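Given next are the chains, with one letter for each unit.
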Amino acid sequence: MNVLGVHFGHDACAALIADGRIAADAQEERFNRVKHSSDAPLSSMHYCLDAACLDMADIDIVAFSGQRRHRDYPLAFGNEVSSPDLPTYLKRFVPPQATRLVDLDHHYCHAAAAYFLSCDSGPALTLVSDGFGDDSAISVWRGEGSTLTLLAKYGGEGSLGWFYSNVTEALGWVHGDGEGKTMALASGGNPFKAHSTLRPFCPAYSNGELATPREYGTVHKLVLQGSIQWHLRDSHAIKGLLGTCSGPDLAAAAQALLEEEHIGLARHWLKEQGLSRLCLGGGVFLNIILNRRLADLPECDSLFVFPNPGDSGLALGAALAALAEAAPSELPRRLESIYLGPEFSREEIGRSLRDMKLSFTEMDEEALVDAVAEEMSLGRCVGWFQGRMECGPRALGCRSILMSTARPEYKDYINSAVKFREPFRPFCPSLLAEDRDRYLVEKEPAPYMILAFTAPEAVRSEIPAVVHVDGTIRPQVVERFVNPRFHRLLSAFRERTGHGILLDTSFNIKGEPIVCTPADAVRCFFSTGMDVLAIGNFLLRKS
């Protein structure tokens, strides 16, 4: 069975499951170059079908995230009869009559991705938390086998996501984009200095019930340059608190409240259901510090966070939810690979570089890896463009900017001269699976940079560029079988430096999506302070 998942709206995307295998997953932003794009995901759908060598006649189910069909539906799925007012040049995805079209609850799609891909079909509590979707801000599910049973849902007046985003906007960043900055800033603050003054703006839960709802008022939605942004009135009042407390203290208080409320909900429902396994979905769980607090709960023996938990994971969630109902025997139970986006052949990359009249050196893999490892051992910054693009918000060794972790000024250099972003923002490391015990205290799997870990004190001074002020790191542990070329690069770097770990950040600058094509990579390379670009088997150096 072939299922096409489609999400219209913020972080529009498409995903395809073909004969029980996740064949493709991509966000529209990567194609149209508008971060968090809300355009109809026409290019994403085209890519997914092309990657699986299918067309619409081969699709058994089209699964949409959201209970109400999006206004842009006719742009993608209308035909000349049903939508005669649309221009002829638009790519149309007209399904045959036999294809089922299903509309699925927003939170159900988040829950499906979190539970069905958790590698275990046994019972688990699944917690979904975001700003708001359909009629829920938080929902609680019991997953078992191929079913998800709704236990509770809480509406907009209980939104912890909105609360955290209001603080983010008050600090000067975009609601729905800048929450990671709030989390990073929080590590430098004292939560007690603003906790009591910020408390009234945050909904409060007790024993699984919404004890103190927050009346957020009208939700204002703006569409700026193809991306949806939200605004709620509380952001103005919270901004006023900055007259009595610092930004870091305000962020720290917001982080503490976010953690307190989610911990209370998780503990209640784990106990109520008699479960010890927890799965997480929804954009709030991009917060890696919160995820660590939940992982450390005494009631939680096992935690799985879907690595693309925000709305850009909804298309895959919709496809999984539809498949679970229609053909549960074909349901994938693990995320075999996060590398589900476009890739480019050696011939395509070479042609692109020649068309741009660039100087480059073509190498075999061993020579390329050795050359890049040598450059980084000398303190140079490398753009690394290899294989299929990652889906989701993290660069995991295919669309990455890489640098040694050996000096703290390397972090400052990438923030100021490469990413052009705030100096307090931390970077993640990618490290060899063979060396994980050297760099990580906790023992959970860490393939996706979605969970905070403690760095042993003995090693912190050796890798200062990736250790945050609170002593934590957000790692990707790289297995050879998952990403062989990236694993070879880390190994070659270890041979030269004694450390199988690299600073790894997404291949983009602030405000832009991760690069998708060779042309995107070259453009980013030459507009930043990167020294070297390794793109496929080609190496470019700046003079």
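Below or above, wherever it landed, is the structure these notes cover. Worth saying up front: this structure is predicted, and the values here are computed from it rather than measured.

Conventions adopted
Residues numbered from 1 in each chain as written. Predicted model: local features only at pLDDT ≥ 70, side-chain atom pairs only at ≥ 80, totals over all residues. Heavy atoms only, no water. Helix = DSSP H or I, 4+ residues; strand = E, 2+ residues; numbered from the N terminus. Rg over C-alpha atoms; globule rule 2.2 N^0.38 Å. Buried < 20%, exposed > 50% of the residue type's maximum accessible area, 1.4 Å probe, protein only. Contact = heavy atoms within 4.5 Å. Lys, Arg positive; Asp, Glu negative; His and termini not counted. Charge placed at Lys NZ, Arg CZ, Asp CG, Glu CD. Pairing = 2+ DSSP bridges. Phe/Tyr/Trp six-rings, centres within 6.5 Å; stacked < 30°, edge-to-face > 60°. Lys NZ or Arg CZ within 6 Å of the ring centre and 35° of its normal. Axes fitted to C-alpha atoms, helices over the stretch in contact; angles between N-to-C directions. Parallel < 35°, antiparallel > 145°, perpendicular 65-115°, else oblique. Nonpolar A, V, L, I, M, F, W, Y, C, P; charged D, E, K, R; others polar.

## Some details on the overall build of the protein chain
Along the protein chain, the regular secondary structure elements total 18 helices and 24 strands. Since a compact globule built from 543 residues should have a radius of gyration of about 24 Å, the 23 Å found for the protein chain is in line with a globular shape. Its C-alpha atoms give the protein chain principal-axis dimensions of roughly 60 × 60 × 45 Å. Per-residue burial over the protein chain gives 60% buried out of 543 residues. Long-range pairs, those at least 24 residues apart, make up 69% of the contacts in the protein chain with a sequence separation of at least 6. Across the protein chain, 53 positive and 68 negative side-chain charges occur, with their mean positions spaced 4 Å apart.

## Here's the deal with the pairing of strand S2 (residues 13-18)
Across the six residues that make up S2, a large majority, six, are buried. Between the end of strand S1 (residues 2-7) and the start of S2, which pair antiparallel, lie five residues, with Gly-9 showing a positive phi angle near 115°. As paired elements, S2 and strand S3 (residues 21-27) share six bridges and run antiparallel to each other. Looking at the pairing, Cys-13 lines up with Gln-27 of S3. As consecutive antiparallel partners, S2 and S3 are separated by two residues, and within that stretch Asp-19 has a phi angle of approximately 50°, a positive value.

## Concerning the pairing of strand S11 (residues 220-224)
Summarising the sheet, S11 and strand S12 (residues 227-231) pair through five bridges and their orientation is antiparallel. Bridge pairing links Leu-222 to Gln-229 in S12. Counted along the chain from S11 to the antiparallel partner S12, the turn is two residues long, and its residue Gln-225 has a positive phi close to 55°.

## A look at the packing of aromatic side chains
Enumeration according to the criterion identifies 14 aromatic pairs in this entry. Measuring from ring centre to ring centre gives 5.6 Å for Phe-64 and Tyr-73, while their planes differ by 70°; the resulting arrangement is edge-to-face. Exposure class is identical for Phe-64 and Tyr-73. Each is buried. Aromatic side chains Phe-64 and Phe-77 sit 5.3 Å apart centroid to centroid with 85° between the ring planes, which places their arrangement in the edge-to-face category. Separated by 13 residues along the polypeptide, Phe-64 in strand S4 (residues 61-65) and Phe-77 in helix H3 (residues 73-77) bring together distant segments of the chain. By the burial criterion, Phe-64 is buried, and Phe-77 matches it. Among the aromatic residues, ring-to-ring pairing joins Phe-8, Phe-64, Tyr-73 and Phe-77 into one connected group. Its guanidinium or amino end placed over the ring of Phe-453, Arg-292 lies 4.9 Å from that ring's centre, counting from NZ or CZ. Note that Arg-399 overlies the ring of Phe-385, its terminal NZ or CZ placed 3.8 Å from the centroid.

## Re the packing of helix H5 (residues 160-170) against helix H6 (residues 179-186)
At their nearest, the axes of H5 and H6 sit 9 Å apart, and the two run at 80° to each other. Taken together, the axis directions place H5 and H6 in an arrangement best described as roughly perpendicular. Counting all contacts with H5, which are made through Tyr-164, Ser-165, Val-167 and Thr-168, the residues of H6 involved are Glu-179, Thr-182 and Met-183. In terms of residue class, the contact of H5 with H6 is made up of three nonpolar, three polar and one charged.

Remember, this is a structural readout, not a statement about activity or role.
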